[in-house]
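Notes for the structure review
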Amino acid sequence: MSAKPIFDIRKSVSRRNLEYMIIMPIIAVLFIAVGLWLVPGDAVWALSFEALETWNLWGFLGLFLILTALYHLAKLILFARRAAGTSGEWRFRLTQDDLLWQVPDHAHGPEEGFHAPLSAIKQLEHITIYRSEQADENQYWVHFHDHPSIQLREYTGYSIRALMDKIHQAGVPFERTLRGD
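These remarks concern the structure in this document. (Residues numbered from 1 in each chain as written. Predicted model: local features only at pLDDT ≥ 70, side-chain atom pairs only at ≥ 80, totals over all residues. Heavy atoms only, no water.)

**So, the overall build of the protein chain**
- Helix and strand counts for the protein chain stand at 4 helices and 8 strands.
- Shown N-terminal to C-terminal, the secondary structure of the protein chain runs as helices and strands in the order β-α-α-α-β-β-β-β-β-β-α-β.
- Against the 2.2 N^0.38 benchmark of 16 Å for 181 residues, the protein chain shows a C-alpha radius of gyration of 22 Å, more extended than a compact globule.
- Each of the three principal axes of the protein chain carries a C-alpha extent, and together these read 75 × 40 × 25 Å.
- The buried share among the 181 residues of the protein chain stands at 38%.
- Expressed as a percentage of contacts within the protein chain between residues at least 6 apart in sequence, the contacts between residues at least 24 apart total 58%.
- By element, 59% of the accessible surface of the protein chain is carried by carbon and sulfur atoms, the whole surface being about 11,300 Å².
- Computed over 17 positive and 20 negative side-chain charges, the separation of the two mean positions in the protein chain equals 8 Å. (Helix = DSSP H or I, 4+ residues; strand = E, 2+ residues; numbered from the N terminus. Rg over C-alpha atoms; globule rule 2.2 N^0.38 Å. Buried < 20%, exposed > 50% of the residue type's maximum accessible area, 1.4 Å probe, protein only. Contact = heavy atoms within 4.5 Å. Areas by Shrake-Rupley, 256 points an atom, 1.4 Å probe, with all protein chains shown as cover. Lys, Arg positive; Asp, Glu negative; His and termini not counted. Charge placed at Lys NZ, Arg CZ, Asp CG, Glu CD.)

**Points about the environment of Trp141**
- Position of Trp141 among the secondary structure elements: in strand 6 (residues 137-144).
- For the pair Trp141 and Ile127, spaced 14 residues apart in the sequence, the C-alpha separation amounts to 8.0 Å.
- For Trp141, the residues in contact, after removing those within four places along its chain, are Gln123, Leu124, Glu125, Ile127, Ser149, Ile150, Gln151 and Met164.
- A polar contact of 3.1 Å, which involves the side chain of Trp141, links it to the side chain of Gln139. (Polar contact = N/O pair within 3.5 Å; in protein donor to acceptor, adjacent residues only side chain to side chain.)

**Quick look at the nonpolar core**
- Within the largest apolar cluster, 25 residues are counted, with the highest numbers of intra-cluster contacts made by Phe7, Leu99, Trp101, Phe114 and Ile167.
- When residues of this core are traced back to their parent elements, those giving at least two are strand 1 (7-12), strand 2 (89-94), strand 3 (98-102), strand 4 (114-117), strand 5 (121-130), strand 6, strand 7 (150-152) and helix 4 (160-169).
- The greatest single-element share of this core, amounting to 4 residues, is contributed by helix 4. (Core = buried A, V, L, I, M, F, W, Y, C linked by side-chain atoms within 4.5 Å.)

The following block contains the structure:
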């Protein structure tokens, strides 16, 4: 009989895909609606300098929102093609003895799973990369004593940071690293 789990989380790939494919079109439609509302009614949709004079800052913001929505809809179509036929579930299970980080075949991006006793984990690391011209990037790593480190990804929608806190409370060392450009 295995030890009582500290957490045992399961997330279906098909459910996560469905969530993404429902939320993204709603956001895109809202972007298009707001974008069309921001574009002036008398704006001329032509490629000339005279037409450019009919536009204002709000019109360009509206155009940006419309183009952003169309870009995300195109990404959604490509995602739907990649997601066809994927199945399984993510499973994150922590006991006092071991950690299971099971990763299914999915279309969200590259990800690697593992199952290891807690004693085989050297440390957890949360790296924050500060960038002056871009958004900060957070990376979550598990370093092992006997094999290469694995980067944890947030494709499930669960907070990796919160799960790392619980793993740290179970006795695995934790380090926070700050880097800048």
